[in-house]
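Residue-level structure breakdown
Spelled out from the first residue to the last, the chains are:
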Amino acid sequence: MGTGTAALSLHQNLLTRLAEARARTDEIFDIVRPEALYDRPIPERHRIIFYLGHLEAFDWNLLSSRIFGLEALDQGLDKLFAFGIDPVGGGLPTDQPSDWPARAEVDAYNRRVRETIDAHLARASFSDPAQPLLLDGLLVEVAIEHRLMHAETLAYMLHQLPLDRKLSRPGAPAPAAAPAVPRMIEIPGGVATLGLPRARGLFGWDNEFEAHQLEVPAFRIDAYSVTNGEYLKFLEAGGYSEKSFWSDADWEWRAAQGIEHPRFWTQRDSRWLCRTMFDEVPLPLDWPVHVSHAEASAYARWAGKRLPTEAEFHRAAYGTPSGSEREYPWGNQLPEPRFGNFDFVRWGPTPVAAHPAGASAFGVHDLVGNGWEWTCTAFGPFAGFERFPFYPGYSTDFFDGNHYVMKGGSARTAACILRRSFRNWFQSHYPYMYAKFRCVEN
């Protein structure tokens with residue numbers, strides 16, 4: 001393939017992927033009933049209307065002046081919708097629905113952003129060394145993956161929206177699965193490669209660099225992530241009332257918030273139910289339990305085990321008995337539905353044994369998809385870390401010792417984010433994400 005043809009192919013691929021990412025976020029906003037657009041389903045987060053404007057404002061603020069030399073589109077909205085993690089300031093936000101623009105104004109802003117950016121991207125070169133931030137489509141990759149991350153985190157938020165405030169959307173049914181027999185698998189000592197090498201055309205977020213190897217001593221790991229059924233035994237054994245299973249900070253959080261069970265569970269007439277995106281169903285005992293890091297850690301102590309380190313996860317997921325390493329647990333083939341529950345095929349979990357084709361070389365199941373997996377590794381930089389100059393706070397704002405690395409992916413994680421080097425993170429006491437876990441022991 002000639003250089004010109006390759007450049008054209010890259011250009012077309014990036015613009016197609018950007019359009020597909022927009023379709024994903026349009027899809028998630030479409031499940032919100034119009035009267036719920038100004039709701040705040042999670043107290044610590046912005047109202048839904050903010051995120052409707054944030055995605056386009058992020059793209060505009062990333063590309064407009066920095067790459068295309070454009071003036072502000074709407075200075076007020078460019079700024080209002082700029083920050084997408086937490087509301088600015090201490091404590092819970094106090095804004096009112098009337099403080100936000102009308103839906104029609106936000107929709108008009110979004111259309112103008114997309115039309116203007118698309119017109120300039122159509123003429124842009126991704127092979128000009130004089131434009132290093134566009135070289136190999138760097139900032140377009142940032143825009144695409146940022147949007148796809150929000151497609152997932154918006155699902156966390158809308159999961160908490162009352163069922164009558166959203167419109168149901170179909171997803172693929174959960175596949176049948178043989179019962180998962182809990183067991184532990186011996187992982188021999190060996191090398192785990194974490195991170196990405198700095199190489200032309202290889203995209204990753206700043207915290208993914210640089211690639212390095214770690215020696216991992218032998219350990220044993222659960223063949224399957226902990227299920228609702230297994231976690232129910234912990235709860236029924238008094239796990240939420242026994243302080244010795246919890247760190248001091250986690251116990252204080254649990255007591256202050258009155259947390260007595262996983263966020264996705266509810267009890268009615270002595271029956272446990274699981275709240276899915278669009279329904280409440282009898283607790284599926286063979287689904288992975290989704291819990292906070294604090295709850296996962298307490299369960300592990302109760303079981304006489306612990307959570308894996310980031311390197312142990314890598315060794316179990318991507319290592320092989322021969323010493324080589326794979327791109328994915330199942331091998332080097334790109335993700336497809338038979339390997340796991342990911343890439344927006346479903347709105348919720350599947351049984352932990354539903355995808356045997358996705359097992360690692362050591363026979364560990366469900367490592368990618370069906371819920372991010374907690375590790376005990378605090379989120380921090382690798383040696384050689386360099387923060388993105390165009391997004392300086394993406395990682396560094398969370399190098400605080402209070403956030404923990406998560407690996408794998410959930411049902412709502414895009415396929416491109418399932419790469420081996422990708423690192424997710426959340427703080428210990430956040431209960432809303434699709435996060436599962438498994439235990440290890442030495």
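Use the structure listed above.
Note that this is a predicted model, so its numbers are computed, not measured.

What counts and what doesn't
- Residues numbered from 1 in each chain as written.
- Predicted model: local features only at pLDDT ≥ 70, side-chain atom pairs only at ≥ 80, totals over all residues.
- Heavy atoms only, no water.
- Helix = DSSP H or I, 4+ residues; strand = E, 2+ residues; numbered from the N terminus.
- Rg over C-alpha atoms; globule rule 2.2 N^0.38 Å.
- Buried < 20%, exposed > 50% of the residue type's maximum accessible area, 1.4 Å probe, protein only.
- Contact = heavy atoms within 4.5 Å.
- Phe/Tyr/Trp six-rings, centres within 6.5 Å; stacked < 30°, edge-to-face > 60°.
- Lys NZ or Arg CZ within 6 Å of the ring centre and 35° of its normal.
- Pairing = 2+ DSSP bridges.
- Axes fitted to C-alpha atoms, helices over the stretch in contact; angles between N-to-C directions.
- Core = buried A, V, L, I, M, F, W, Y, C linked by side-chain atoms within 4.5 Å.
- Parallel < 35°, antiparallel > 145°, perpendicular 65-115°, else oblique.
- Nonpolar A, V, L, I, M, F, W, Y, C, P; charged D, E, K, R; others polar.
- Salt bridge = Lys/Arg side-chain N within 4 Å of Asp/Glu carboxyl O.

A count of helical and extended segments in the protein chain gives 10 helices and 12 strands. The C-alpha atoms of the protein chain give 22 Å as radius of gyration, which agrees with the globular expectation for 442 residues (22 Å, within 12%). Taking the principal axes of its C-alpha atoms as reference, the protein chain extends roughly 60 × 55 × 40 Å. The burial tally for the protein chain puts 54% of its 442 residues in the buried class. In the protein chain, the proportion of contacts linking residues at least 24 apart, taken out of those at least 6 apart, comes to 78%.

Turning our eyes to something else, we now look at the packing of aromatic side chains. What the rule picks out here adds up to 42 aromatic pairs. With a centroid separation of 6.3 Å and 55 degrees between ring planes, the pair formed by Phe234 and Phe245 is classed as tilted. Within this pair, whereas Phe234 is found in helix α6 (residues 228-236), its partner Phe245 is found in the loop between α6 and α7 (248-257), the two being separated by 11 residues in sequence. Each member of the pair, Phe234 together with Phe245, is buried. The interplanar angle of 55 degrees and the centroid separation of 5.5 Å between the aromatic rings of Tyr240 and Trp246 together place this pair among those described as tilted. Taken as a pair, Tyr240 and Trp246 share a single burial class, namely buried. Site record: aromatic cluster; members linked through ring pairs are Phe58, Phe203, Trp205, Phe379, Phe385, Phe388, Phe390, Tyr391, Tyr394, Phe398, Phe399 and Trp425. The cationic tip of Arg254 hangs over the ring face of Trp251; the distance from NZ or CZ to the ring centre is 4.3 Å.

With that settled, consider the sheet that holds strand β7 (residues 280-282). Taken in spatial order, the three strands of this open sheet run β5-β6-β7, and their pairing is antiparallel. Since the sheet does not close on itself, it has two edges, and those belong to β5 (265-268) and β7, each with one partner. Strand-to-strand twist across the sheet, computed as the mean angle between neighbouring axes with direction ignored, equals 40 degrees. Note that β5 and strand β6 (residues 271-275) share four bridges and pair antiparallel. Paired with Trp265 across the two strands is Cys274, which belongs to β6.

With that settled, consider the nonpolar core. A general trend in soluble globular proteins is that nonpolar side chains are found buried together. Of all hydrophobic cores here, the largest spans 100 residues; its most connected members are Leu158, Tyr231, Trp246, Trp374 and Phe437. Sequence-distant contacts of Leu158, defined by excluding residues within four places in its chain, comprise Ile28, Ile31, Val32, Ile48, Lys166 and Met277. If you look at the next biggest cluster of nonpolar residues, it comprises 27 residues, including Val216, Ala223, Ala317 and Val352.

Before going further, it helps to spend a moment on the packing of helix α2 (residues 48-68) against helix α5 (residues 138-159). Contact geometry for α2 and α5: axes closest at 11 Å, N-to-C directions at 170 degrees. Between α2 and α5, the crossing angle belongs to the class labelled roughly antiparallel. Two secondary-structure elements touch here, α2 through Ile48, Tyr51, His54, Leu55, Glu56, Phe58, Asp59, Leu62, Leu63, Arg66 and Ile67 and α5 through Leu139, Val142, Ala143, His146, Arg147, His150, Leu154, Met157 and Leu158. When its residues are assigned to classes, the contact of α2 with α5 shows 13 nonpolar, three polar and four charged.

This part covers α6. Of all nine residues in α6, seven are buried; the element is thus mostly enclosed. Burial in α6 covers these residues: Asn228, Gly229, Glu230, Tyr231, Leu232, Phe234 and Leu235. Buried residues along α6 sit against β5, β6 and α8 (293-302). Downstream of α6 by one or two residues, Gly238 has phi in the positive range, about 90 degrees.

Spatial strand order, β1-β4-β12: three strands in an open sheet with antiparallel pairing. Lying at the two open borders of the sheet, with one neighbouring strand each, are β1 (184-187) and β12 (440-441). Against the sheet, helix α9 (residues 310-318) touches β1, β4 (219-222) and β12, its axis set at about 75 degrees to β4.

Along the chain, Arg22 falls in helix α1 (residues 3-29). Excluding residues that lie within four positions of it along the chain, Arg22 makes contacts with Arg114, Ile117, Asp118 and Arg147.

To describe two helices that pack against each other, one gives the angle between their axes and the distance between the axes. Relative to each other, α6 and α8 sit at 75 degrees, their axes nearing to 11 Å. If you check the angle between α6 and α8, you find them roughly perpendicular. Along the contact surface, α6 presents Glu230, Tyr231, Lys233 and Phe234, while α8 presents Glu295, Ala298, Tyr299 and Trp302. Broken down by class, the residue content of the contact of α6 with α8 amounts to five nonpolar, no polar and three charged.

Mapped onto the secondary structure, Pro179 falls in the loop between α5 and β1. For Pro179, a relative accessible area of 74% translates into the label exposed. Considered as a pair, Pro179 and Pro351 are 172 residues apart in the sequence and their alpha carbons are 8.5 Å apart.

All told, the structure shown has 25 salt bridges when counted by the stated rule. Close ionic contact of Arg220 with Glu441 constitutes a salt bridge, the shortest N to O distance being 2.1 Å. Taken together, the positions of Arg220 in strand β4 and Glu441 in strand β12 put the pair 221 residues apart, joining distant regions of the chain. Owing to a relative accessible area of 26%, Arg220 belongs among the partly exposed residues under this scheme. Residues Arg268 and Glu280 are paired through a salt bridge, measuring 2.3 Å at the closest nitrogen-oxygen approach. With Arg268 in strand β5 and Glu280 in strand β7, this pair connects stretches of sequence that are 12 residues apart.

Limitation: the analysis is restricted to geometry and does not speak to function.
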